[in-house]
Amino acid sequence: MSRLDGKHVLVTGAGRGIGLATVAACLDAGARVLATDLAPKPGEALQALIDRDLPVDYRQQDVTREADWAAIAAHVEQHCGGVLDVVVNNAGIALMGTVEDTALGDWQRTLDVNLTGVFLGTKTAVRLMRARGGSIINVSSIEAMIGEPLVAAYNASKGGVRTFTKSAAVHCARQGYGIRVNSIHPGFTDTALVSGAVATLTPDRAADFVGDVMRRIPMGRLARPEEIARPIVFLASDDASYMTGAELVVDGGHLA
Ligand SMILES: NC(=O)c1ccc[n+]([C@@H]2O[C@H](COP(=O)([O-])OP(=O)(O)OC[C@H]3O[C@@H](n4cnc5c(N)ncnc54)[C@H](O)[C@@H]3O)[C@@H](O)[C@H]2O)c1
């Protein structure tokens, strides 16, 4: 198992799903974790980790707000000696809609959270990491690589994360910062993001969508959040020391 002993890790969107599993996997790997999400207080699952005296702290953060990123940077300066080794830009949303029926507001909200949030997180991380290096993992999706008619805005946002990650990776490498920047591309994962998005469809459309997705996954099942979290720990660790600008697909064979 890849190790993160003593490393300071920030995970956004950490209240549930892949983010929560990533917090747990990083703690298992020996990291100290700063977990952030929209809610003012940690949810039950995060609170349970805090109550076990594990090295995890919680801060409220909306990843779309530059002021919230400034507050996180100030927290890192004041409470972690300015040290941040790993940032996992995980927060994301999925709103269903084709090119024809996606409202402009939904399009903009999706790009704000999924793409602008990753931009602000990467920018903040580079500033904090450039003196001593680090690893940034941007959570994209297989939806960055294929067109899924029902998630037009999500496709666009995750495709943006995929290429933006390479831009930042090449910049950091050429500057000699010792910062690696990679994207991870989960396939369909059993979280509230998927069940919540499917629930907005009519029953017939939902059944068609789910049936179609399941037929396309050779392993025949969704991923469990921890099956995405462990590859994130790998990218964060020194085991991935020669990986930057790379895309790690974790999808049960979906794209194959
Ligand atoms: N579940 C999947 O099938 C799947 C597949 C590929 C990629 N992903 C990506 O993985 C990431 C995590 O997804 P998940 O399935 O765990 O979703 P989830 O809905 O279970 O969790 C997402 C978390 O992000 C938080 N969040 C939303 N908007 C935010 C904002 N503006 N600022 C801060 N936090 C915010 C939510 O409060 C929530 O806790 C997302 O980027 C998602 O796009 C998920």
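For the structure, see preceding data.
Below or above, wherever it landed, is the structure these notes cover. (Residues numbered from 1 in each chain as written. Predicted model: local features only at pLDDT ≥ 70, side-chain atom pairs only at ≥ 80, totals over all residues. Heavy atoms only, no water.)

Notes on the site of the ligand
With respect to spatial proximity, 28 residues lie near the ligand, and among them Asp37, Asn90, Tyr154, Thr189 and Thr191 are the closest. The backbone of Ile18 places a nitrogen or oxygen atom 2.8 Å from an oxygen atom of the ligand. Val63 places a main-chain nitrogen or oxygen 3.0 Å from a nitrogen atom of the ligand. Contact with the protein chains covers 94% of the free accessible surface of the ligand, which is 830 Å². (Near = heavy atom within 4 Å. Polar contact = N/O pair within 3.5 Å; in protein donor to acceptor, adjacent residues only side chain to side chain. Areas by Shrake-Rupley, 256 points an atom, 1.4 Å probe, with all protein chains shown as cover.)

Some remarks on the side chain of Asn182
Its place among the elements puts Asn182 in strand β6 (residues 179–186). Of note is the side chain of Asn182, whose polar atom sits 2.9 Å from the backbone nitrogen of Ala246. (Helix = DSSP H or I, 4+ residues; strand = E, 2+ residues; numbered from the N terminus.)

Structural notes on the side chain of Asn138
Looking at where Asn138 falls in the secondary structure, it is placed in strand β5 (residues 134–139). With a relative accessible area of 0%, Asn138 lands in the buried category. Separated by 3.0 Å, the side chains of Asn138 and Thr165 make a polar contact. Leaving out residues up to four positions away in the same chain, Asn138 has contacts with Asn89, Val118, Thr122, Val161, Phe164, Thr165, Val181, Asn182, Ser183 and Ile184. (Buried < 20%, exposed > 50% of the residue type's maximum accessible area, 1.4 Å probe, protein only. Contact = heavy atoms within 4.5 Å.)

A closer look at the environment of Val161
Summarising the element assignment, Val161 is placed in helix α5 (residues 152–175). With a relative accessible area of 0%, Val161 lands in the buried category. Along the chain, Val161 and Ser140 lie 21 residues apart, while their C-alpha atoms are 6.0 Å from each other. Every residue in contact with Val161, bar those within four places of it in the chain, is listed here: Asn114, Leu115, Val118, Asn138, Val139 and Ser140.

Here's the deal with the nonpolar core
Val9, Val23 and Val33 are the most contacted members of the largest nonpolar core, which has 33 residues in total. Taken together, the elements giving at least two residues each to this core come down to β1 (8–11), α1 (17–28), β2 (32–37), α2 (44–51), β3 (56–60), β4 (86–89), β5 and α8 (225–236). Looking at which element gives the most residues to this core, the answer is α1, with seven residues. By size, the runner-up hydrophobic cluster in this structure holds 23 residues, among which are Trp69, Val126, Ile136 and Ile179. (Core = buried A, V, L, I, M, F, W, Y, C linked by side-chain atoms within 4.5 Å.)

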